[in-house]
Amino acid sequence: MSLINNYGKALLQAVTLLPDQQLKIVQTYLHRFQTEQRFDLIYFDAFSVQHQPEMWTDEIIAHTCQFLNPGGIFVTYAITGKLKRALKSVGFTIEKLPGAPGKREMLRATKITEIK
């Protein structure tokens, strides 16, 4: 099942894309999002801090990362000192990787601890 063909359905309920992959789109403000579910990957594709600073606060990063399993991965194209410090403060190791075409580099952070 393709992502594009199932996007509309995923707005209403979780859709299985592959045996171990589901897509569910939750329409809410990020700071209000709550779930008991934990994830292995968060792809954080917010606009840059200059265009969307409310998405890059320490509080939003900590709130978002609480939903990752230990060993989970947070990836983004943003690489700022402030972001790296925020991720380290909530128990992540940081790596800079080559970016996709059109992007010089990206950040991969791996959750190593559970911060309360």
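Along each chain, residue indices are assigned from 1 in the same order as the chain's sequence is written. Where totals are concerned, whole chains, interfaces and linings use all residues; where local detail is concerned, this predicted model gives features only for residues with pLDDT of at least 70, and gives and counts side-chain atom pairs only at 80 or more. Where side-chain values are given, they derive from all heavy atoms of the structure, hydrogens and water being excluded.

A.B. asks: Any details on the overall build of the protein? Residues and values, ideally.
C.D. replies: Runs of E in the DSSP output that reach at least two residues are strands. Runs of H or I that reach at least four are helices, and both are numbered from the N terminus. Helices and strands together make up the secondary structure of the protein, namely 3 helices and 6 strands. In the protein, the order of α-helices and β-strands from amino to carboxyl end is α-β-β-β-α-β-α-β-β. This radius of gyration counts C-alpha atoms alone. The globule rule is 2.2 Å times how many residues there are, raised to the power 0.38. Relative to the 2.2 N^0.38 estimate, which gives 13 Å for 116 residues, the radius of gyration of the protein is 15 Å and therefore close to what a compact globule would have. When its C-alpha atoms are laid out on the principal axes, the protein stretches across 40 × 35 × 25 Å. When each of the 116 residues of the protein is scored for burial, the buried share is 29%. Once local pairs closer than 6 in sequence are excluded, the contacts in the protein between residues at least 24 apart make up 47%. Summary of the burial criterion: residues with accessible area below 20% of their type's maximum are buried, those above 50% are exposed, and those between are partly exposed, where the area comes from a 1.4 Å probe applied to protein chains only. Residue contacts are counted whenever heavy atoms from the two residues lie within 4.5 Å of one another.

A.B. asks: If you had to explain the sheet that holds strand E4 (residues 68-76) to someone new, which residues and values would you point to?
C.D. replies: Only when DSSP finds a minimum of two bridges between them are two strands counted as paired. In space, the 4 strands of this open sheet follow the order E3-E4-E6-E5, with mixed pairing throughout. Unpaired on one side and paired on the other, strand E3 (39-43) and strand E5 (92-98) mark the two borders of the sheet. Each strand axis lies, on average, 15 degrees off the axis of its neighbour in the sheet, ignoring direction. One ladder, built from 4 bridges, connects E3 with E4; its direction is parallel. Bridging across to E4, Leu41 finds its partner in Ile73. Against the sheet, helix H3 (residues 81-89) touches E4, E5 and strand E6 (105-111), its axis set at about 140 degrees to E5. Lines fitted to the C-alpha atoms define the axes, with helices restricted to the stretch that makes contact. Angles between their N-to-C directions range from 0 to 180 degrees.

A.B. asks: Explain H3 to me, using residue names and the numbers behind them.
C.D. replies: Among the residues of H3, Leu83, Ala86 and Leu87 are the ones counted as buried. Buried residues of H3, viewed axially, fall in a sector of 95 degrees; they line one side. Summarising the geometry of H3, the exposed residues directed more than 90 degrees from the buried face are Arg85, Lys88 and Ser89. Taken together, the buried residues of H3 touch helix H2 (58-65), E4, E5 and E6. An arc is given here, and it is the one of the directions from the helix axis to the C-beta atoms.

A.B. asks: Summarise a nonpolar patch on the surface; cite the residues concerned and give the values.
C.D. replies: Exposure above 30% relative accessible area and no salt bridge define the residues that can form patches, which grow by joining like charges within 9 Å and nonpolar side chains of Val, Leu, Ile, Met, Phe, Trp and Tyr within 5 Å. Under the convention used here, a 1.4 Å probe and the Shrake-Rupley method define accessible areas, while residue burial counts only the protein chains that appear. Just to be clear on terms, a salt bridge is a Lys or Arg side-chain nitrogen sitting within 4 Å of an Asp or Glu carboxyl oxygen. Taken together, the side chains of Tyr7, Leu11 and Leu12 make up a nonpolar region of the molecular surface, amounting to roughly 340 Å² of accessible area. When you line up the elements, Leu12 lands in the loop between helix H1 (3-10) and strand E1 (15-18). Judged by its relative accessible area of 77%, Leu12 is exposed.

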